Amino acid sequence: MKEVNFKIRENRELTKGVFRIKLEGDISDISKPGQFVNIRLTGKFLRRPISVCDIEPNLLTIIYKVVGEGTEQMSQMAAGEELEILTGLGNGYDLSTVGKKPALIGGGAGVPPMYYLAKQLIAKGTAPESITVILGFNKKEEIFYEEEFKALGVRVKVTTVDGSRGSKGFVTDVLANTDFTDFCACGPEPMLKAICKETKESGQLSFEERMGCGFGACMGCSCKTLTGNKRICKDGPVLRKEEIIWG
């Protein structure tokens, strides 16, 4: 974990209420897809945890949705302003256990970490065409990063609950008709629970939880597992399907 001051290079709205922010600074403590950062905002007591979408030399990209005062404040920030950020948080996905034909599943705000994960799998030798990315949204107006995934050469499947774009239904409906060896997923807990219920394949799941400290001190984001309670911020956010006890 490292505290870094980042300078905003870009803060752009991708679709209504969803912003991409590119930040210049020291990214040396970010090593794995699935990790997250914790952002300090002026006048706010708690930092805002947001997953890493991509990293390039001295450049961090995150995508966030405006859901409250903190993210609304972020959306008003301009290029040249600075943010104080804790980096290198969370365990990230274990690439060494990912199979030859993985399914990467992102639901809404869970889409961004799938992008860096796909890039890293390709960099480590996984054929792009063997990776299936499933992006789940409520309606077509919410869709983002579809073209960015396609540019990587991976197979992209889009699903919307109302059927306004792609397949109608949920990510599990698309997954049922997908040939895959294992999966990595990020999204709301009901989505993760449904994926685990409807698959026999092994998988890694990244949980979205409200966090206090972001590094395991407050115990405010625990999850029940076969080996006891685990802190999503410190022991996760990525947990294996087989270890989770669903309530």
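See above for the structure.
Source: prediction; values computed, not measured.

How would you summarise the overall build of the protein chain if you had to cite specific residues and measurements?
Scanning the protein chain from N- to C-terminus turns up five helices and 15 strands. Relative to the globule expectation of 18 Å for 247 residues, the C-alpha radius of gyration of the protein chain, 17 Å, shows essentially globular dimensions. Here the protein chain, with 247 residues, has 51% of them falling under the buried criterion. Taking contacts inside the protein chain between residues at least 6 apart in sequence as the whole, the part at least 24 apart equals 61%. Split by element, the accessible area of the protein chain, about 11,400 Å² in all, is 49% carbon and sulfur. If you average the places of the 34 positive and of the 32 negative side-chain charges in the protein chain, the two averages end up 2 Å apart.

Got a sec to walk through unusual backbone geometry? Specific residues and values, please.
Despite not being glycine, N58 shows a phi value in the positive range, around 55 degrees. On the secondary structure map, N58 appears in the loop between β4 (48-56) and β5 (59-65). In this model, Y145 sits at a positive phi of 70 degrees, which is unusual for a non-glycine residue. Mapped onto the elements, Y145 comes out in the loop between β8 (132-137) and α3 (146-151). Classification of Y145 as buried rests on a relative accessible area of 8%.

Break down the layout of surface pockets for me, citing the residues and quoting the values.
The computed volume of the largest pocket comes to approximately 1,400 Å³. Contributions of two or more residues to the lining of the largest pocket are made by β4, β5, α1 (69-75), α2 (112-123), β8, α4 (171-175), α5 (189-197) and β12 (203-207). Top contributing element to the lining of the largest pocket by residue count: β4, with four residues. In the lining of the largest pocket, the residues fall into 23 nonpolar, 14 polar and ten charged.

How would you summarise the side chain of T160 if you had to cite specific residues and measurements?
Within the fold, T160 resides in strand β9 (residues 155-160). There is a polar contact of 3.2 Å between the side chain of T160 and the backbone nitrogen of S164.

Explain the packing of aromatic side chains to me, and be specific about the residues and the numbers.
This model, assessed by the stated rule, comprises six aromatic pairs. With 5.5 Å between their ring centres and 80 degrees between their planes, Y115 and F149 make a pair best called edge-to-face. Here the residue Y115 occupies a position in helix α2, and F149 occupies one in helix α3, the gap between them amounting to 34 residues. Residues Y115 and F149 agree in their burial class; the two are buried. Consider the rings of F144 and Y145, whose centres lie 6.5 Å apart with planes at 65 degrees: the pair is edge-to-face. We classify F144 as buried; its relative accessible area is 7%. The structure contains a cluster of three or more aromatic residues connected by ring pairs, namely Y115, F137, F144, Y145 and F149.

Account for the sheet that holds β5, with residues named and values stated.
One closed barrel accounts for six strands, arranged β1-β2-β5-β4-β3-β6; its pairing is antiparallel. Averaged over all adjacent pairs, the angle separating strand axes in this sheet is 45 degrees, with direction ignored. Both strand β1 (residues 2-15) and strand β6 (residues 82-89) contribute to a ladder of six bridges, which runs antiparallel. Within the sheet, the bridge partner assigned to K7 lies in β6 and is E82. Here α2 sits on the sheet in contact with β4 and β5, set at roughly 30 degrees to β4.

About the thresholds
Residues numbered from 1 in each chain as written. Predicted model: local features only at pLDDT ≥ 70, side-chain atom pairs only at ≥ 80, totals over all residues. Heavy atoms only, no water. Helix = DSSP H or I, 4+ residues; strand = E, 2+ residues; numbered from the N terminus. Rg over C-alpha atoms; globule rule 2.2 N^0.38 Å. Buried < 20%, exposed > 50% of the residue type's maximum accessible area, 1.4 Å probe, protein only. Contact = heavy atoms within 4.5 Å. Areas by Shrake-Rupley, 256 points an atom, 1.4 Å probe, with all protein chains shown as cover. Lys, Arg positive; Asp, Glu negative; His and termini not counted. Charge placed at Lys NZ, Arg CZ, Asp CG, Glu CD. 1 Å grid on protein atoms, 1.4 Å probe; cavity = no way out; pocket = protein on both sides within 12 Å on 5 of 7 lines; lining within 4 Å. Points joined across faces, edges and corners; volume = space filled by probe spheres on them. Nonpolar A, V, L, I, M, F, W, Y, C, P; charged D, E, K, R; others polar. Polar contact = N/O pair within 3.5 Å; in protein donor to acceptor, adjacent residues only side chain to side chain. Phe/Tyr/Trp six-rings, centres within 6.5 Å; stacked < 30°, edge-to-face > 60°. Pairing = 2+ DSSP bridges. Axes fitted to C-alpha atoms, helices over the stretch in contact; angles between N-to-C directions.

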